[in-house]
Amino acid sequence: MIRENLRQVEENIIKACERAGREREEVTLIAVSKTKPLELIEEAYAIGERNFGENKVQEINAKYPVLPKDIKWHLIGHLQRNKVKYIIDKVSLIHSVDSVRLAEQIQAEAAKCGKSMNILIQVNVSGEDTKFGIREEETENIVREIAKFPNVHIKGLMTIAPFTDEPETNRKYFKKLKQLSVDIMKKNIDNVNMDCLSMGMTGDYQIAIEEGATLIRVGTGIFGERIYKNKLSDD
Ligand SMILES: *Cc1c(COP(=O)(O)O)cnc(C)c1O
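One numbering rule holds for all chains: residues counted from 1, following each sequence as written. The predicted origin of the model limits local features to residues at a pLDDT of at least 70 and limits the giving and counting of side-chain atom pairs to 80 or more, whereas totals for whole chains, interfaces and linings rest on all residues. Values reported for side chains reflect all heavy atoms of the structure, with hydrogen atoms and water molecules removed beforehand.

**Q** Which residues make up the overall build of the protein chain, and what values go with them?
**A** Only DSSP runs of H or I reaching four residues or more are called helices, and only runs of E reaching two or more are called strands; each is numbered from the N terminus. What the protein chain contains, in helices and strands, is 9 helices and 8 strands. Atoms counted for the radius of gyration: C-alpha only. Globule rule: 2.2 Å times residue count to the power 0.38. Here the C-alpha atoms of the protein chain give a radius of gyration of 17 Å, agreeing with the 18 Å that 2.2 N^0.38 yields for 235 residues. With the C-alpha coordinates of the protein chain rotated into their principal frame, the extents come out at 45 × 40 × 35 Å. The buried share among the 235 residues of the protein chain stands at 49%. Contacts were defined at the residue level, with two residues in contact if any of their heavy atoms lie within 4.5 Å. When contacts within the protein chain are restricted to residue pairs at least 6 apart in sequence, those whose partners lie at least 24 apart make up 60%. Categorising residues by exposure relies on relative accessible area from a 1.4 Å probe, with only protein chains included: less than 20% of the type maximum marks a residue as buried, more than 50% marks it as exposed, and the intermediate range marks it as partly exposed.

Right under this line is the structure:
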C-alpha cells in the first residue's frame, strides 16, 4: 500500500511542478508518520523515503533510537519550551517555532550541546483562532528578534492551512505565506534565510506546490488514515 501511495504522491508532485514551471528537486516530501508504527516507517524507508515528520516530542523520542540514523526528522507540531532538550540532538528542522521565548530556549539547548538548529517560523496566515502560529503582521519583528540568536538559524516559514474538502480555497493562504517570505527576504536580515516554505498536506499539497512550497507534509496520503486511541489528543 505504501509503495503505491508513494508512487501516486510522487506522480502528483511531478505534475504540480510541471504546471508551475518548477523543478522536481525544489520540493521535498516529508512523510508524516505520527501515530504510525515502526514497521510502516521502515517500509517507507526501504522504498527510499528519508524525511519523516512527527508532531509529538514523545513520539520522536521513541522512534529515533530504533530507526536508521540517516533519517531526517522534522518536528511539525507545537513544541513546549520544557521539551526542547529532548529533541535538540535528534531533529534536523523544527517547523513550528511560534515565539521568541521558544527560540530562546532552542538557543540555550543548542549552545549547550555545541550545535546549531535550523527552524521555520510558523505563521497563522488563515487567522483561524484554533491554530498555533504567529500573526502575519508580527512576523518581521519576531524574525528580527530570533535572528539575534547565534545557534538558531531561520530557514523560512511554515503554515497549516484550514482543513477543507475544497483545497482550492487554501490557495490564497499559500500565496500569502509566499508573499510574506519574499517581503522578509528583501529586508536582508542577518542570519535569516527564506529558502524554505513548509506548506501543504494530503488534501492540498499540489496547490501548495503551485504556490511555491519547498517542503510538503503528507501523512494520510502515504500511510492511510490515522487512528487515535484518545480523541482528546487529536490535533
Ligand atoms: C498531521 C499533520 C500533517 C499531515 O496531515 P495529512 O492530512 O495526514 O497529510 C501535516 N502537517 C502537520 C503540522 C500535521 O500535524
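**Q** Report on the side chain of Ser 198, specifying residues and quantitative values.
**A** By the element assignment, Ser 198 lies in strand β7 (residues 192-198). Side chain to side chain, Ser 198 and Arg 217 meet in a polar contact 2.9 Å long. For Ser 198, the residues in contact, after removing those within four places along its chain, are His 95, Leu 120, Leu 157, Met 158, Thr 159, Leu 177, Leu 215 and Arg 217. Any pair of N or O atoms that falls within 3.5 Å is considered a polar contact. Within protein, one atom must be able to donate a hydrogen and the other to accept it, and sequence-neighbouring residues count only if both atoms are side-chain atoms.

**Q** Which residues make up the site of the ligand, and what values do they have?
**A** What surrounds the ligand is a group of 12 residues, the closest being Lys 34, Thr 202, Arg 217, Thr 220 and Arg 226. The side chain of Lys 34 places a nitrogen or oxygen atom 2.6 Å from an oxygen atom of the ligand. A distance of 2.8 Å separates an oxygen atom of the ligand from a polar atom in the backbone of Gly 219. Relative to its free-state accessible area of 390 Å², the ligand is covered by the protein chains to the extent of 92%. Nonpolar residues are Ala, Val, Leu, Ile, Met, Phe, Trp, Tyr, Cys and Pro. Charged residues are Asp, Glu, Lys and Arg, and all others, Gly as well, are polar. Looking at the shell around the ligand, its residues break down into 5 nonpolar, 3 polar and 4 charged. Proximity criterion: a residue is near a molecule or strand once any of its heavy atoms comes within 4 Å of it. Methods summary: accessible areas were calculated by the Shrake-Rupley approach with a probe of 1.4 Å, and residue burial reflects only the protein chains presented.

**Q** I'd like a rundown of the nonpolar core, residues and numbers included.
**A** Buried Ala, Val, Leu, Ile, Met, Phe, Trp, Tyr and Cys residues form a nonpolar core when they are joined through side-chain atoms within 4.5 Å. In this structure, Ile 94, Ile 106, Ile 119, Ile 121 and Ile 146 are the most contacted members of the largest nonpolar core, which totals 64 residues. Sort the elements by how many residues they give to this core and helix α1 (residues 2-20) lands first, with 6 residues. Those residues within four positions of Ile 106 in sequence are excluded, and the remaining contacts are Val 84, Ile 88, Ile 94, Val 97, Met 117, Ile 119 and Val 152. Of all hydrophobic cores here, the second largest spans 6 residues; its members include Leu 93, Met 158, Cys 196 and Leu 215.

**Q** Could you give an account of the state of the cysteines, naming the residues involved and the relevant values?
**A** Throughout, disulfides are identified as pairs of cysteine sulfur atoms within 2.5 Å of each other. Following the criterion strictly, the structure yields 0 disulfides and no others. With no disulfide of its own, Cys 17 lies closest to Cys 196 among cysteine sulfurs, the gap being 15 Å. With a relative accessible area of 2%, Cys 17 lands in the buried category.

**Q** I'd like to hear about helix α5 (residues 100-112), residue by residue, with values.
**A** Spanning 13 residues, α5 covers 18 Å between terminal C-alpha atoms, matching the ideal 18 Å at 1.5 Å per step. Looking only at α5, the buried set comprises Leu 102, Ala 103, Ile 106, Gln 107, Glu 109 and Ala 110. Gly 114 occupies a position one or two residues after α5 and carries a positive phi of about 60°. In this scheme, a helix's expected span is set at 1.5 Å multiplied by one less than its residue total.

**Q** Hey, could you go over the pattern of salt bridges for me, with residue numbers and the actual values?
**A** Where charged atoms from two side chains of opposite charge approach closely, those side chains can pair. Salt bridges are defined by distance alone: a side-chain nitrogen of Lys or Arg within 4 Å of a carboxyl oxygen of Asp or Glu. Per the stated rule, a full pass over the model turns up 21 salt bridges. A salt bridge links Glu 4 to Arg 7; its shortest N-O distance comes to 3.0 Å. Of this pair, Glu 4 and Arg 7 both sit in helix α1, 3 residues apart, roughly one helical turn. The exposure class of Arg 7 is partly exposed, given its relative accessible area of 41%. Counted as one network, the salt bridges with shared partners bring together Arg 19, Glu 168, Arg 171, Lys 175, Glu 210 and Glu 211.

**Q** For α1, give the residues involved together with the corresponding values.
**A** The first and last C-alpha atoms of α1 sit 27 Å apart over 19 residues, in line with the 27 Å expected at 1.5 Å per residue. Positive backbone phi, approximately 65°, marks Gly 21, located one or two places after α1.

**Q** Explain the environment of Leu 79 to me, using residue names and the numbers behind them.
**A** Residue placement: Leu 79 occurs in the loop between β3 (72-75) and α4 (84-87). Its relative accessible area of 3% is what places Leu 79 among the buried residues. Taking the C-alpha atoms as reference points, Leu 79 and Lys 56, separated by 23 residues in sequence, lie 7.9 Å from one another. With sequence-adjacent residues up to four places away left out, Leu 79 is seen in contact with Val 57, Val 84, Ile 87, Ile 94, Ser 96 and Leu 102.

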